[in-house]
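Reading the structure
Here is what each chain is made of, one letter per residue.
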Amino acid sequence: MIPAIVTSLLIAWMLDYSQYRITWKNYQTRFNGYGSIPDVLKGVALAPMQYRVFVPWSFWVLNRAIRSKPLCYEVIKILFMALGLFSMWLMLNTLWNSQLAYVGLLLTAVFYTVQFQFDYTEQYVELAIWAQFVTAVFVGDVGWMVACIVIGALTREPVVFLPVLYLFAKQDIVLFTAFCLLVVFVFFVLRMLYGWKENYLKKGVIIGKEYFSGYNHTFKNIKDIKEGLNWPLHTTWYSMLLVILSFIAICYNSFPQSIAYCVYVVIPFVAVWFCRAMFHETRVGLQLVVFIIPMIGRLLYAY
């Protein structure tokens, strides 16, 4: 376990250094990364950022020890990147073996680079939560699952898929219902704590040369798909290719339950992603590597 932790930290450090310009260019934005933290801590951010409090709260705690805020943010980011890598190693080591676990750790690092586009730290926490949740389901640790759901609800909205994943894996309607109620409860507490905030996209925001308003990105995503392929950039087609290859890996018959995973978790996740987010933002689907990498690993291991 110690070698996996050290490897995760070293890779995370290198990856963070390789994308530091993205972090630096987003320092002044109020919608992601370092720039969003002050408003969230003050309780004046717009939704949904105001309710994604786990990273800002973690920053506030660490900032007591590391007084330089930019340095503190970089340390937080590296730690959460490493946590995501280590959590994938832990999941694969629990499900299969150490050899496949290290292959999965390196493949996860590759997927990290695919989604380097904007400065978000939440996706690394989400990946860690999803991988830890799968591990907890496998070993049957309910307390561990509860912790994952609570932290996930404090991090970002896709935590709603974790109870569905549990229901599929265990067919336990009682705990499924309890987990759903727990997610709703945490969401409710956050809104009681900070009040009901207007969504920043409802207000309208200019990103680059484009103006976004409203919650539905479906037509923009369709338009982007029609505009074609531009490999040097993270475009919609880049994301589409990633998703298509992911489905090929997931649906391959090397894993008997893979089709059901697609039906109950992955396909609904991607559908919501396509309608409610900009599809070219590959970081939105980073946690899907929890399904993708085991399938790729099984294929590689089979040969």
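A few points on the structure. (Residues numbered from 1 in each chain as written. Predicted model: local features only at pLDDT ≥ 70, side-chain atom pairs only at ≥ 80, totals over all residues. Heavy atoms only, no water.)

On to the overall build of the protein, then. Helices and strands together make up the secondary structure of the protein, namely 15 helices and two strands. Buried residues in the protein amount to 51% of all 303 residues. For the protein, the share of sequence-separated contacts (at least 6 apart) that also reach a separation of at least 24 residues comes to 70%. When the accessible surface of the protein is totalled, it reaches about 14,700 Å², and 70% of it is carbon and sulfur. (Helix = DSSP H or I, 4+ residues; strand = E, 2+ residues; numbered from the N terminus. Buried < 20%, exposed > 50% of the residue type's maximum accessible area, 1.4 Å probe, protein only. Contact = heavy atoms within 4.5 Å. Areas by Shrake-Rupley, 256 points an atom, 1.4 Å probe, with all protein chains shown as cover.)

Take the packing of aromatic side chains next. Applying the stated criterion across every chain, the model contains 12 aromatic pairs. Considering the side-chain rings of Phe-86 and Trp-89, the 5.7 Å spacing of their centres and the 20 degrees angle between planes classify their relative orientation as stacked. Linking Phe-86 with Trp-89, this pair stays in helix 5 (residues 69-95), spanning three residues, or about one helical turn. Residue classification places Phe-86 among the buried residues on the basis of a relative accessible area of 13%. Take Trp-89: its relative accessible area is 4%, and that puts it in the buried class. Ring centres of Tyr-112 and Tyr-124 lie 4.8 Å apart, and the angle between their planes is 65 degrees; this geometry places the pair in the edge-to-face category. With Tyr-112 in helix 6 (residues 98-114) and Tyr-124 in helix 7 (residues 122-139), this pair connects stretches of sequence that are 12 residues apart. Across the pair, exposure class does not vary: Tyr-112 and Tyr-124 are buried alike. Taken together through their ring pairs, the aromatic side chains of Trp-130, Phe-161, Phe-269, Trp-273 and Phe-291 make up a single cluster. Its guanidinium or amino end placed over the ring of Tyr-51, Arg-191 lies 4.0 Å from that ring's centre, counting from NZ or CZ. The ring of Tyr-120 is capped by Arg-283, whose NZ or CZ atom sits 3.7 Å from the centre of that ring. (Phe/Tyr/Trp six-rings, centres within 6.5 Å; stacked < 30°, edge-to-face > 60°. Lys NZ or Arg CZ within 6 Å of the ring centre and 35° of its normal.)

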